[in-house]
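These are the residues of each chain, in order.
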Amino acid sequence: MPGEKLSLYIHIPFCIKKCNYCDFLSFPTGGRNTPLAERYAAALLREAEALRGGSLSEACQVDINQARGQSYQVDINQVGDPSRQVDINKPVKSIYFGGGTPNILSSEWITRILCKLKRLFTIEKDAEISIELNPGVYEEKERHRELEALKEAGINRISIGLQSACAAELKRLGRIHDLTAFLKLYEEALNCGFENINVDLMTGIPLQTCDSFARTLEKVLELRPKHISAYSLIVEEGTPFGEVPLKSLDLPDEDEEYEIYLMTRRVLKQAGYERYEISNYALPGYECAHNLVYWDRGDYLGLGLGAASLIGDLRFSNTGQLQKYLSAPGDARENIHKLTEKEAMEEFMFLGLRKTAGVSRADFKRAFGYDMDEIYGEIIAGEEGAGLMEEDGDMVRLTERGMDAANRVMSKFLL
Ligand code: SF4
C-alpha cells in the first residue's frame with residue numbers, strides 16, 4: 001500500500017560473466033572494479049545527487065532544494081502537473097543493492113553510495129539494508145576486508161546466490177562459483193557479524209533431480225540461514241538456454257519438478273521455515289522487508305540502469321541504455337505510467353496473493369473505496385468453491401493447492 005514510508009532499490013548491472021539462463025539487465029565485465037563499473041558507480045552518485053540538487057532534467061524535474069526533512073516533490077514528467085508529482089520525502093525503511101552482481105563494486109563504492117543516500121534521505125534506524133553477493137567474486141585475500149567494510153557501511157542483510165550445491169549443475173548454469181566458495185563467503189560473513197543472511201536457490205534446472213536438490217537443501221540447512229529463496233528456472237528467449245532445443249537442457253520432467261517443489265515445501269517447513277511468499281521462506285521474524293514492499297505495493301524508488309519505481313499510482317523506470325544513463329544519469333527516468341484504478345486493483349490482487357498471508361479486505365477498501373466483493377466477489381467465491389482460495393478474518397488468500405496453481409488463479413484477477 002502506498003504510504004508513509006519509502007524503499008530504495010539500487011541496481012548494479014554488471015557481472016563477471018553472464019550465466020546461461022540470465023535475462024536480467026547486466027553486462028559481463030570479466031573482473032571487479034573495472035573502469036566501466038566505476039564510471040557507473042560515479043553516475044549513480046550523480047543520479048542520487050540530482051534528487052537533491054534541483055533539476056533532474058526537463059522531462060523529469062525535481063524540486064528538492066530544501067534541506068533534508070523538508071518537502072521533496074519529484075515532478076516526474078511535466079513541471080507543474082500535480083498529477084505527476086510524487087512525494088519521496090518519507091522515512092526510508094529498506095535499501096536493496098541488487099543486480100547484476102553488486103559486489104563487483106568495491107566496498108568503498110558501496111559505502112560512498114550509502115553515505116550519499118544517508119545524506120539525502122532520512123533512513124530509519126532499523127532500516128533493512130541488503131546487498132546481493134555472488135560467491136565467486138571475491139579473491140581469498142579480500143573477502144574478509146570487503147565484508148567487514150560492508151558491515152561497517154551499514155549493510156545488515158546479505159543475500160548470497162548459491163543456486164545449487166551440485167558442481168555439475170552450477171557448471172551447466174554457467175555460474176562462476178562452486179560450493180566451497182559459497183561456504184567460505186558464508187563463514188566469513190558470520191565472522192564479520194552478519195546474522196541476517198538469505199541463500200538463493202534454483203529449482204527445475206538442468207541435471208537436477210529430487211535427490212540432488214535434497215542434497216542442496218541439506219547443505220544449506222546445516223548453516224541455518226535466516227531466509228531461503230527457491231525460484232524455479234524460466235527458460236527465457238535471448239539467453240544461451242533459450243537458444244538450444246529444450247530437450248538438450250536435461251531439465252527435470254514435470255513430475256520430478258513437482259516432486260522437488262513439494263519436497264522443498266515439506267523440508268523447509270520441518271526445519272522451521274515459514275513460507276511467506278510463493279518462492280520465499282524465512283525463520284520467524286526474518287521475512288525480507290524490502291521484497292514485502294513490492295508485494296504490498298508500497299512506495300519504492302529505483303536508482304541505476306533500468307531501475308523501476310512505484311510511487312503512489314505512478315510506475316516509472318530508468319532508461320535501460322547504458323551509454324544514455326552514463327552520460328545523463330540525472331535524466332534517466334522514462335516509461336512513466338499513471339496506473340488506472342483498474343490496473344492498481346489488479347496489481348493489488350495479483351501481487352498481494354503471492355504472499356501466503358494473502359490480501360486484506362480492509363486495505364482494499366481503504367485504497368479504492370470499494371468492498372473487495374463488489375469487484376472480485378464472484379471470482380473469489382468460485383476459487384473458494386474449487387478449494388484454491390480461503391478466507392481468514394479480514395484476509396483472503398490462496399490455499400496450498402491455490403499456491404500450486406498460483407499463476408492460473410491470479411490471472412483471474414485481471415479485470
Ligand atoms: S550472476 Fe545473476 S545477474 Fe549475473 S549473469 Fe548470473 S544470474 Fe545474471
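This structure is a prediction, so every number in the text was calculated from the model and none was measured. (Residues numbered from 1 in each chain as written. Predicted model: local features only at pLDDT ≥ 70, side-chain atom pairs only at ≥ 80, totals over all residues. Heavy atoms only, no water.)

### Points about the domain arrangement of the protein chain
- Structurally, the protein chain comprises domain 1 (6-292) and domain 2 (340-415).
- The centre of domain 1, based on its C-alpha atoms, is set 28 Å off from the matching centre of domain 2.
- Taken together, the contact pairs nine residues of domain 1 with eight residues of domain 2.
- The junction of domain 1 with domain 2 conceals about 800 Å² of combined surface from both sides, 47% of it contributed by carbon and sulfur atoms.
- E400 is the salt-bridge partner of R265, the closest N and O atoms lying 3.0 Å from each other.
- The interface formed by domain 1 and domain 2 contains eight residue pairs in polar contact (both at pLDDT 80 or more).
- Where the side of domain 1 that touches domain 2 is concerned, the elements lending two or more residues are α7 (254-270) and β12 (274-277). (Domains from an automatic or database assignment. Contact = heavy atoms within 4.5 Å. Buried area = accessible area lost by both parts, 1.4 Å probe. Salt bridge = Lys/Arg side-chain N within 4 Å of Asp/Glu carboxyl O. Polar contact = N/O pair within 3.5 Å; in protein donor to acceptor, adjacent residues only side chain to side chain. Helix = DSSP H or I, 4+ residues; strand = E, 2+ residues; numbered from the N terminus.)

### Section: α7
- Here α7 is 17 residues long and its end C-alpha atoms lie 24 Å apart, about the 24 Å a rise of 1.5 Å per residue gives.
- Inspection of α7 places I260, M263, T264, R265 and L268 among the buried residues, and these make up the whole buried set.
- By the N-cap criterion, in which a side-chain oxygen at the helix start approaches the backbone nitrogen of a residue two or three places on, α7 is capped by D253, the distance to D255 being 3.2 Å. (Expected span 1.5 Å × (residues − 1). Buried < 20%, exposed > 50% of the residue type's maximum accessible area, 1.4 Å probe, protein only.)

### With respect to the nonpolar core
- Core analysis: the largest hydrophobic core is formed by 74 residues, its most contacted members being I95, F121, I155 and L301.
- Of all the elements, helix α1 (residues 35-53) adds the most residues to this core, at eight residues.
- Among residues more than four places away in sequence, those in contact with I155 are F97, I110, L114, I129, S130, I131, L150 and F194.
- Within the second largest apolar cluster, 22 residues are counted, among which are M389, V396, L398 and V409. (Core = buried A, V, L, I, M, F, W, Y, C linked by side-chain atoms within 4.5 Å.)

### Examining the pattern of salt bridges
- According to the stated counting rule, one finds 28 salt bridges in the structure shown.
- The shortest N-O distance in the salt bridge between K116 and E49 comes to 2.5 Å. Separated by 67 residues along the polypeptide, K116 in helix α2 (residues 107-120) and E49 in helix α1 bring together distant segments of the chain.
- When its relative accessible area of 13% is taken as the criterion, K116 is described as buried.
- Residue classification places E49 among the partly exposed positions, given a relative accessible area of 27%.
- The network of salt bridges with common partners includes R32, E142, R145 and E146.

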